[in-house]
Amino acid sequence: MESQLYSTVRASYYDGGTHFEKLLNDQANTPNDLLRPDNIPLELLTHGGPELKNRLMLLILKIWETKTLPSDYPNANIITIFKKGDRENCSNYRGISLLSIASKIFARILLDRLFILAEDELPESQRVFLPSRGTIDMIFCARQLQEKSLEQQQQLLLRARTKATLTSVRELQYVDDNATPGQTAQDLQRTADIYNTAYERFGMHVNTEKTKALIQHPPGQILGNADVTINEHRLEEVEQFSYLGNILTSTSTYNRLMENEIRAAHFAYGRLRGHVFNNLALTLSTKIMVFRAVVLSTFFYAYEIWTLYRSDIQSLE
């Protein structure tokens, strides 16, 4: 008796191959700057024809039936991209893994099926992998927590971190970016301990160098430090930190956010100045289109949650 996956894939392939064909086309249209671990170029997907598609489909079905991956599927060629800061510091580089194209198609098939279960399995705080949810939702929640705490004259503590797990605690989670709120230092310490225990259970650890604590004091009051620790390492307490590309401050004001947005827009414009805006070979309409797509979109990132005062508007003008 053929498996359910075999029936599903075979049906989708032979009725016009809409899903399987789309996956192949998506991979074939990916830029081929570097070879993958299996040394198979992307052009093969474009010119392989029906024979390639048949064999690739049969390979995927065999993987599913035998529950065994080809030896080169887990391998990856890792390319490092410099972000910012000291070039001699390895933590200032981002790694990109170049995987086998066939393994990416198989992984995409699995992902499409996992999406069906995501709504029921992922916690409400996780705003990625789910339809109609994104970074703006989490930034809005964080801002609302800050503003409501000020209105009610309550203390608010936030802990920003990475490598979040699915532990059931109060959190604002987007993939591995996480901001955990608490009203007292004890609340925040308890949450930090829960996360740390969950990491250790899965053989992971908290990156204490990138985990920060922010204290928002009630209006007119200055309370003590939080002194939150993870594995006897005291977390650095900061006046601001970046959460999903948005600046959160201990005063919940927008002046530093505006400064950051203006700086980011200037940087985006400067990177394209020579190749685009000062390029005489490009038309004015093309330059305007690029300016709107890159510079303005960078500046107006998460503008939906802005609550600007007159001084903020003046700084923009």
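For clarity, every value in this text was computed on a predicted model and none was experimentally measured. (Residues numbered from 1 in each chain as written. Predicted model: local features only at pLDDT ≥ 70, side-chain atom pairs only at ≥ 80, totals over all residues. Heavy atoms only, no water.)

Peer 1: Can you help me understand the overall build of the protein in this one?
Peer 2: Within the protein, the regular secondary structure consists of 10 helices and 11 strands. For the protein, the proportion of its 317 residues judged to be buried stands at 35%. As presented, the protein carries roughly 19,500 Å² of accessible surface, and 54% of it is formed by carbon and sulfur atoms. (Helix = DSSP H or I, 4+ residues; strand = E, 2+ residues; numbered from the N terminus. Buried < 20%, exposed > 50% of the residue type's maximum accessible area, 1.4 Å probe, protein only. Areas by Shrake-Rupley, 256 points an atom, 1.4 Å probe, with all protein chains shown as cover.)

Peer 1: How do you make sense of the packing of helix H8 (residues 255-277) against helix H9 (residues 284-299) when you look at a structure like this?
Peer 2: For the pair H8 and H9, interaxial distance at closest approach is 8 Å and the crossing angle is 155 degrees. Taken together, the axis directions place H8 and H9 in an arrangement best described as roughly antiparallel. As H8 packs across H9, the resulting crossing turns out to be right-handed. Residues Glu261, Ile262, Ala264, Ala265, Ala268, Tyr269, Leu272, Val276 and Phe277 of H8 form the contact with H9, whose own contacting residues are Lys287, Val290, Phe291, Val294, Val295, Thr298 and Phe299. Among the residues forming the contact of H8 with H9, the class breakdown is 13 nonpolar, 1 polar and 2 charged. (Axes fitted to C-alpha atoms, helices over the stretch in contact; angles between N-to-C directions. Parallel < 35°, antiparallel > 145°, perpendicular 65-115°, else oblique. Left-handed = near helix turned anticlockwise from the far one by under 90°. Contact = heavy atoms within 4.5 Å. Nonpolar A, V, L, I, M, F, W, Y, C, P; charged D, E, K, R; others polar.)

Peer 1: What's the story with the environment of asparagine 207 in this structure? I'm lost.
Peer 2: Inspection of the secondary structure assignment puts asparagine 207 in the loop between helix H7 (185-201) and strand E6 (212-216). Judged by its relative accessible area of 28%, asparagine 207 falls in the partly exposed class. Asparagine 207 sits 23 residues away from isoleucine 230 along the chain, and the two C-alpha atoms are 9.5 Å apart.

Peer 1: Hey, could you run me through the nonpolar core in this one?
Peer 2: As a rule of thumb, nonpolar side chains are buried together in soluble globular proteins. Among the nonpolar cores identified, the biggest contains 22 residues, and Phe241, Tyr243, Leu257 and Trp306 are the most heavily contacted of them. Of all the elements in the fold, those that place two or more residues in this core are helix H6 (135-151), strand E10 (240-243), strand E11 (246-249), H8 and H9. Broken down by element, the residue count for this core peaks at 5 residues, all from H8. The contacts of leucine 257, once residues within four sequence positions are left out, are Arg143, Asn246, Ile247 and Trp306. (Core = buried A, V, L, I, M, F, W, Y, C linked by side-chain atoms within 4.5 Å.)

Peer 1: Please clarify how the packing of aromatic side chains should be interpreted in this entry.
Peer 2: Ring pairs (aromatic) are described by centroid distance and by the angle formed between their planes. Within the structure shown, the criterion is met by 7 aromatic pairs. Ring plane angle 15 degrees and centroid distance 4.6 Å describe the contact between tyrosine 269 and phenylalanine 277, whose orientation is recorded as stacked. Residue class for tyrosine 269 comes out partly exposed when judged on its relative accessible area of 28%. Given a relative accessible area of 13%, phenylalanine 277 falls into the buried group. Measuring from ring centre to ring centre gives 6.0 Å for phenylalanine 300 and tyrosine 303, while their planes differ by 80 degrees; the resulting arrangement is edge-to-face. Classification of tyrosine 303 by relative accessible area gives partly exposed; the value is 47%. Put simply, the rings of Phe299, Phe300, Tyr303 and Trp306 touch in pairs and so form one group of aromatic residues. Above the plane of the ring of phenylalanine 82 lies arginine 87, whose end atom (NZ or CZ) is 3.9 Å from the centre. Directly above the ring of tyrosine 254 sits arginine 143, whose terminal nitrogen or CZ lies 4.3 Å from the centroid. (Phe/Tyr/Trp six-rings, centres within 6.5 Å; stacked < 30°, edge-to-face > 60°. Lys NZ or Arg CZ within 6 Å of the ring centre and 35° of its normal.)

Peer 1: Before we go on, may I ask you to explain H9 in this structure?
Peer 2: Because an α-helix completes one turn every 3.6 residues, residues spaced three or four positions apart along the sequence face the same direction. Taking 1.5 Å of rise per residue, the 16 residues of H9 would be expected to cover 22 Å, and the 21 Å separating its terminal C-alpha atoms lies within 8% of that figure. Largest kink in H9: about 35 degrees, centred on phenylalanine 291. Looking at H9, one finds that the buried residues are Lys287, Val295 and Phe299. Buried residues along H9 sit against H8 and helix H10 (310-316). (Expected span 1.5 Å × (residues − 1). Bend = angle between axes of the 7 residues up to and from the residue.)

Peer 1: Mind showing me how you'd approach H8 here?
Peer 2: Across its 23 residues, H8 extends only 29 Å between first and last C-alpha, which sits more than 12% below the 33 Å expected from 1.5 Å per residue. Inspection of H8 places Leu257, Met258, Glu261, Ala265, Ala268, Val276 and Phe277 among the buried residues, and these make up the whole buried set.

Peer 1: What exactly am I supposed to notice about the side chain of glutamate 261 here?
Peer 2: On the secondary structure map, glutamate 261 appears in helix H8. Despite its burial, glutamate 261 remains without a salt bridge, the nearest opposite charge being carried by arginine 143 at 8.0 Å. Not counting residues up to four positions away in its chain, the partners in contact with glutamate 261 are Gly245, Thr298, Phe299, Tyr301 and Trp306. (Lys, Arg positive; Asp, Glu negative; His and termini not counted. Salt bridge = Lys/Arg side-chain N within 4 Å of Asp/Glu carboxyl O.)

Peer 1: Honestly, a nonpolar patch on the surface in this entry has me stumped. Any pointers?
Peer 2: Taken together, the side chains of Phe291, Leu296, Phe300 and Tyr303 present a nonpolar region at the surface, about 350 Å² in accessible area. Tracing the backbone shows phenylalanine 291 in helix H9. Take phenylalanine 291: its relative accessible area is 31%, and that puts it in the partly exposed class. (Patch = residues over 30% accessible without salt bridge, like charges linked within 9 Å, V, L, I, M, F, W, Y side chains within 5 Å.)

Peer 1: What am I meant to see in the environment of arginine 87 here?
Peer 2: With respect to the secondary-structure elements, arginine 87 resides in the loop between strand E1 (77-82) and strand E2 (93-98). If sequence neighbours within four positions are ignored, arginine 87 has contacts with Phe82 and Tyr93.

Peer 1: Looking at this structure, I do not really get unusual backbone geometry. What am I missing?
Peer 2: Most of the time, phi is negative for any residue but glycine, and the peptide bond is trans. Although it is not a glycine, asparagine 231 sits at a positive phi angle of roughly 55 degrees. Relative to the helices and strands, asparagine 231 resides in the loop between strand E7 (229-230) and strand E8 (233-234). With relative accessibility at 53%, the residue asparagine 231 sits in the exposed group. The residue serine 252 is not glycine, and still its phi comes out positive at about 60 degrees.

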